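Residue strings, one per chain:
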Amino acid sequence: MTGSGTTSGTTSYRRLGVAQRRAQLITAALGLFAQRPPEDVSLDDVAAAAEVSRPLVYRYFPGGKTQLYEAALRSAADELELCFAEPQTGPLTGRLAAALDRYLAFVDGHSTGFSALLQGGSVVETSRTGAIVDEVRRTAAGHILAHLQVREPGVRLRMTVRTWIAAVEGASLTWLDEGKRPPVEELRDWLVDHFVALLITTAASDEQTARVTRAALALEPADGVVTRLVRRLGPVLAEAGHLL
């Protein structure tokens, strides 16, 4: 960094308050973590991206890269947790689609960082980063159960929701590995269909889930997502008529 850059960083430091400067450094780190594994990002890289000096980064994050990574992860987690905070009106499938649009947009914009986050094994990974990731999953599950209007879910319903969240994560990672194919809209629609299928499968053996499923299906339009899914399944099931 040139002398003028350092001067610019110092001048900028005087203009920004503590919260603003901290947010700036976290944003710079997130941008780098989105494109490279955390272990490949140094504090010098963050300082250069934020156009400040390395000592200034340490001033705000004396714990070094681990502390900065945890702060960046917490910021990303806050954004992810909001993905499923959809108004509880209209068909369930429409709400899920809107939530997935936001979730997959985050995945698309943070490809490398998202993979490193969920696959683990990073040298900067800690028990706290693991707890943050699990909190995102629990929060997402809570939002979905709220969409289903269930305050006290039974074991099977909880397992159904958590299984779907795991499927969303796994599908997202595979989507990145496959060069973001199929198109994101197709991935979103497939994940919505997957949730409907999981819910119906559990409903066949769990009365609470059956009640929830009936209530959710009652809100679906006759020409909507569920109808199209049933019509696509018709030819497949017709070939298994000997099982009925």
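Our subject is the structure that appears above.
This is a predicted model, so every value here is computed, not measured.

Undergrad: Could you give me a rundown of the side chain of Thr209, with the residues and numbers involved?
TA: Along the polypeptide, Thr209 turns up in helix 11 (residues 207-218). Classification of Thr209 as buried rests on a relative accessible area of 0%. At 2.6 Å, the side chain of Thr209 forms a polar contact with the side chain of Asp206. In contact with Thr209, other than residues within four places in its own chain, are Leu157, Leu199, Thr202 and Ala203.

Undergrad: Can you break down helix 12 (residues 225-238) residue by residue, with the values?
TA: With 14 residues, helix 12 ought to run about 20 Å at 1.5 Å a step, and its terminal C-alpha atoms sit 20 Å apart, in line with that. Residues Val226, Thr227 and Leu229 constitute the buried set of helix 12. Residues of helix 12 that are buried sit in contact with helix 6 (92-109), helix 10 (184-203) and helix 11.

Undergrad: How would you sum up the nonpolar core? Please name residues and give values.
TA: Residues Phe84, Tyr103, Phe114, Ile144, Leu148, Trp164 and Phe195 are the most contacted members of the largest nonpolar core, which totals 63 residues. If we skip the residues at most four places from it in the chain, Leu148 touches Leu92, Leu157, Val161, Phe195, Leu199 and Val212.

Undergrad: Let's hear about the packing of aromatic side chains: which residues, and what values?
TA: Considering all chains together, one arrives at five aromatic pairs under this definition. Relative to Tyr103, the ring of Phe84 lies with its centre 6.1 Å away and its plane at 55°, an arrangement referred to as tilted. Residue Phe84 is located in the loop between helix 5 (65-82) and helix 6, and its partner Tyr103 is located in helix 6; the two are separated by 19 residues in the primary sequence. The pair Phe84 / Tyr103 is uniform in exposure class, with both members buried. Feature note: the residues Phe84, Tyr103, Phe114, Trp164 and Phe195 constitute an aromatic cluster, connected by ring pairs.

Undergrad: Could you give an account of the pattern of salt bridges, with specific residues and numbers?
TA: Taken as a whole, this structure holds 15 salt bridges when the rule is applied. The salt bridge partner of Asp134 is Arg138, with a shortest N-O separation of 2.5 Å. Of the two residues, Asp134 and Arg138 are both situated in helix 8 (residues 127-147); the distance of four residues between them amounts to about one turn of the helix. A salt bridge links Asp189 to Arg188; the shortest N-O distance between them is 3.0 Å. Note on Arg188: relative accessible area 17%, which makes it buried. Because the salt bridges share partners, they merge into one network encompassing Arg74, Asp78, Glu81 and Glu135.

Definitions and cut-offs
- Throughout, residues of each chain are indexed from 1 in the direction in which the sequence is written.
- Under the rules for a predicted model, residues below a pLDDT of 70 receive no local features and side-chain atom pairs below 80 are neither given nor counted, while totals for whole chains, interfaces and linings still include all residues.
- Only heavy atoms go into the side-chain values, all of them from the structure, while hydrogens and water stay out.
- Strands here mean DSSP runs of E at least two residues long; helices mean DSSP runs of H or I at least four residues long; both are numbered from the N terminus.
- Burial here depends on accessible area, computed with a 1.4 Å probe over protein chains only, as a share of the maximum for the residue type. Under 20% is buried, over 50% is exposed, and the range in between is partly exposed.
- Identification of polar contacts relies on pairs of N or O atoms within 3.5 Å, with a donor-acceptor requirement for protein atoms, meaning one able to donate a hydrogen and the other able to accept it, and with residues adjacent in sequence counted only if both atoms are side-chain atoms.
- Contacts between residues were defined by any pair of non-hydrogen atoms, one from each residue, lying within 4.5 Å.
- The span you would expect from a helix comes to 1.5 Å times its residue count less one.
- Residues belong to a common nonpolar core when they are buried Ala, Val, Leu, Ile, Met, Phe, Trp, Tyr or Cys residues joined through side-chain atoms within 4.5 Å.
- By convention, a stacked pair of Phe, Tyr or Trp rings (six-membered ring in the case of Trp) has centres within 6.5 Å and planes under 30 degrees apart, an edge-to-face pair has planes over 60 apart, and any other such pair is tilted.
- The rule for a salt bridge is simple: a side-chain nitrogen of Lys or Arg has to be within 4 Å of a carboxyl oxygen of Asp or Glu.

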